[in-house]
Amino acid sequence: VSPERLRFDFTHPEAIPADVLEAIEFDVNQDILANYPVSIVERSRQEAIDEGAMALFGEKYGERVRTVTVNPGNRISYELCGGTHVAQTGDIGTFIIVSEGSAAAGIRRIEAVTGHAAYELIQARSHALKKAAHLLNSPINEVPNKIMGLQDNLDDARKEIEKARQELNLSTFKKSLENVEIVNNIPVAVTVLSDANKSLQLQMSDLFFQTYPSGVVTSGSVVNGNPLIIITV
């Protein structure tokens, strides 16, 4: 815990869904905005524990402990120390969860920012969103729809490119079948294809054997920077 950030580990078997994290963030900010008073009192450790104070940290406490109560009239929380040093919850400002992940087996970790750090994060995200809206030539509230539209267009373009690539490879392969070399009375076809994956090359092999019942066909291509060669007899 520091004035502008916090880390909180807790027992949980799986990742916290995004909508639950949003609900947690909302609830915390509601308690902050309520501006509840915070009472800090020193008392004996046993007295605090008997009253229900939570010791959330792996610290060793002495006989006298510092207790922190949020909204003493109707407790929101009651803890031993905990690093809270505000007079009322409104002093915290804004609370934003920046990450949630695994800290150990069965232990999840939430990291969050508050105060000026939260404001700076909001400003940075707002700036990024405004820049995205400018690049997309779109109102800010239309950015998600604009991006989804671009993704759909990109998917369509990729499908068209893949279709054109397959047609080009098919044309190249058919042309190679017109000039098959005969070695010891055995047809041998060797073809280099453009970005042809394993499935497409196997289709070309099947096409070869529709023309030549017996023979050897070799096809090669580079896929994602890696060579792929298939030889079928």
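Model, not experiment: these values are computed from the prediction. (Residues numbered from 1 in each chain as written. Predicted model: local features only at pLDDT ≥ 70, side-chain atom pairs only at ≥ 80, totals over all residues. Heavy atoms only, no water.)

Asker: Any chance you could explain the environment of Pro37 here in plain terms?
Answerer: Along the polypeptide, Pro37 turns up in the loop between helix H1 (18–33) and strand E2 (38–44). Accessibility expressed as a relative area gives 41% for Pro37, which makes it partly exposed. For the pair Pro37 and Val1, spaced 36 residues apart in the sequence, the C-alpha separation amounts to 20 Å. If sequence neighbours within four positions are ignored, Pro37 has contacts with Thr69, Val70, Asn71, Pro72, Ala87 and Gln88. (Helix = DSSP H or I, 4+ residues; strand = E, 2+ residues; numbered from the N terminus. Buried < 20%, exposed > 50% of the residue type's maximum accessible area, 1.4 Å probe, protein only. Contact = heavy atoms within 4.5 Å.)

Asker: What is the right way to look at the packing of aromatic side chains in this model?
Answerer: The relation between two aromatic rings is expressed through the spacing of the ring centres and the mutual angle of the planes. Tallied over the entire structure, the rule returns 3 aromatic pairs. The interplanar angle of 20° and the centroid separation of 5.8 Å between the aromatic rings of Phe8 and Phe10 together place this pair among those described as stacked. Overall, the relative accessible area of 36% leaves Phe8 in the partly exposed class. A centroid spacing of 5.0 Å and a plane angle of 85° characterise the contact between Phe208 and Phe209, whose relative ring orientation is edge-to-face. Under the relative-accessibility criterion, Phe208 is labelled buried at 0%. An aromatic cluster is built from Phe208, Phe209 and Tyr212, whose rings are joined through pairwise contacts. Of note, Arg75 hangs over the ring of Tyr78, and the distance from its end group to the ring centre comes to 4.1 Å. (Phe/Tyr/Trp six-rings, centres within 6.5 Å; stacked < 30°, edge-to-face > 60°. Lys NZ or Arg CZ within 6 Å of the ring centre and 35° of its normal.)

Asker: Could you clarify how one ought to interpret the sheet that holds strand E7 (residues 181–183) in this entry?
Answerer: As a general point, the strands of a sheet are linked pairwise by backbone hydrogen bonds and lie either parallel or antiparallel. Taking strand neighbours across the sheet as the criterion, the 4 strands line up as E7-E8-E9-E10 in an open arrangement whose pairing is mixed. If you trace the sheet from one side to the other, it starts and ends with E7 and strand E10 (226–232), each paired once. Adjacent strand axes in the sheet meet at a mean angle of 20°, parallel and antiparallel pairs treated alike. Sheet topology note: the strand E9 (residues 216–223)/E10 ladder contains 7 bridges and is antiparallel. Residue pairing across strands places Thr218 opposite Ile231, the latter belonging to E10. (Pairing = 2+ DSSP bridges. Axes fitted to C-alpha atoms, helices over the stretch in contact; angles between N-to-C directions.)

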